[in-house]
Amino acid sequence: MQLKDVQSEKDERMVPLKKVGIKGLKWPLKVQDKKRGFQYTVANITISADLHRDIRGTHMSRFVEVLKNFEILSPKGIEDILVEIKEKLGANSAHIELLIPYFIWKEAPVTKSESPLEVCAKIYAELSDSYKIFTGVKVPVHTLCPCSKEISQEGAHNQRAEVDILTRSKKMIWFEDLIEIAESSASCPIYTLLKRPDEKYITEKAFENPKFVEDVTRDAALRLEEDERIEWYRVEVTSFESIHNHQAFACVEKGWMN
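Residues numbered from 1 in each chain as written. Predicted model: local features only at pLDDT ≥ 70, side-chain atom pairs only at ≥ 80, totals over all residues. Heavy atoms only, no water.

### Observations regarding unusual backbone geometry
Then step 1. Despite not being glycine, Lys-112 has its phi angle at roughly 65°, a positive value.
Then step 2. Assignment of secondary structure puts Lys-112 in the loop between β3 (94–107) and β4 (114–127).
Then step 3. According to the relative accessible area criterion, Lys-112 is partly exposed, its value standing at 47%. (Helix = DSSP H or I, 4+ residues; strand = E, 2+ residues; numbered from the N terminus. Buried < 20%, exposed > 50% of the residue type's maximum accessible area, 1.4 Å probe, protein only.)

So this is what it looks like as structure tokens:
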């Protein structure tokens, strides 16, 4: 018995949809690691395509089908997925976003104890008339308030912050390269394993290197400007304030010098 294809029915409302697809799809993935070769992770995937104004619905299962051979993260592999989506769905554009738990191994500053730190690596790609791919990271960091330090007799309020970087580059750019930019722009990096000598070092380092979210954002932008591989970037820094019931943030993207 042939089952009725309801999705392909003609839609009389004639409203084109920019994106239709699936989100929150967990997918096992092998990702290149700058220092250790590869690491295995589970990506959170959003994948979509446009939908013509006269078609009632898309075929959701095809978004999963195109991923069947997607085992290793690569720009070419992602492009192949988007090409297949356009072909299978007769779409004009296709889009994919991957949020990837990614681990870097770090030594504590004094004791040199090694431990993994989780960051969020990001890939966004789209294919319409041309193929565009963006690479990014979300990195936890430590900031200490310059104003609090200046006006206080003892101490200064400090907190965890997050540096969110997204780039489009001419050549491959490692997640580790973007992570280094994020961490070096903050008051101090974040570590998973710390002993007392490490805690002392980090506390004092942050106190000697106070940064507003504005400072972190600008310093990261200047580092990205210097990298000849990078054609476009956006930086957003969020501070999870320790003495306020809100967050502070700052954002900049390529083109601010014009």
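On we go.
### Thoughts on the packing of aromatic side chains
Then step 1. Enumeration over the complete set of coordinates arrives at three aromatic pairs.
Then step 2. Measuring from ring centre to ring centre gives 6.0 Å for Tyr-124 and Phe-134, while their planes differ by 40°; the resulting arrangement is tilted. Here Phe-134 lies in strand β5 (residues 131–144) and Tyr-124 lies in strand β4, a separation of ten residues in the sequence. The residues Tyr-124 and Phe-134 share a single accessibility class, namely buried.
Then step 3. For the pair Phe-134 and Trp-232, a centre-to-centre distance of 5.6 Å together with 85° between the ring planes defines the contact as edge-to-face. Of this pair, Phe-134 sits in strand β5 while Trp-232 sits in strand β8 (residues 230–240), and the two are 98 residues apart along the sequence. When sorted by exposure, Phe-134 lands in the same class as Trp-232, which is buried.
Then step 4. Sitting over the ring of Phe-38, Lys-30 keeps its end group 4.4 Å from the ring centre.
Then step 5. Directly above the aromatic system of Tyr-191 lies the positively charged group of Lys-106, at a separation of 4.1 Å from the ring centroid. (Phe/Tyr/Trp six-rings, centres within 6.5 Å; stacked < 30°, edge-to-face > 60°. Lys NZ or Arg CZ within 6 Å of the ring centre and 35° of its normal.)

### A word on the pattern of salt bridges
Then step 1. Scanning the model with the defined rule gives 15 salt bridges in all.
Then step 2. Note that Asp-177 is salt-bridged to Arg-229, the shortest N-O span being 3.2 Å. In this pair, Asp-177 is assigned in helix α4 (residues 175–184) and Arg-229 in the loop between α6 (213–226) and β8, connecting sequence segments 52 residues apart.
Then step 3. On the basis of relative accessible area, Asp-177 is assigned to the buried category, the value being 15%.
Then step 4. Across the salt bridge formed by Glu-236 and Arg-234, the nearest N and O atoms sit 3.5 Å from each other.
Then step 5. By relative accessible area, Glu-236 is classed as partly exposed at 25%. (Salt bridge = Lys/Arg side-chain N within 4 Å of Asp/Glu carboxyl O.)

### Some thoughts on the pairing of β8
Then step 1. Where strand β6 (residues 158–169) meets β8, nine bridges bridge the pair, whose relative direction is antiparallel. Looking at β8, one finds that Leu-166 is bridged to Arg-234.
Then step 2. As paired strands, β8 and strand β9 (residues 247–253) are joined by seven bridges and run antiparallel to one another. The residue bridging Arg-234 from the neighbouring strand is Glu-253, located in β9.
Then step 3. The hairpin formed by β8 and β9 contains six residues between the paired strands. (Pairing = 2+ DSSP bridges.)

### Some words on the environment of Arg-160
Then step 1. Looking at where Arg-160 falls in the secondary structure, it is placed in strand β6.
Then step 2. C-alpha of Arg-160 to C-alpha of Val-110: the two residues are 50 residues apart in sequence and 21 Å apart in space.

### Observations concerning a nonpolar patch on the surface
Then step 1. A cluster of nonpolar residues, Leu-222, Trp-256 and Met-257, forms a patch on the protein surface that exposes about 320 Å² of accessible area.
Then step 2. When you line up the elements, Leu-222 lands in helix α6. (Patch = residues over 30% accessible without salt bridge, like charges linked within 9 Å, V, L, I, M, F, W, Y side chains within 5 Å. Areas by Shrake-Rupley, 256 points an atom, 1.4 Å probe, with all protein chains shown as cover.)

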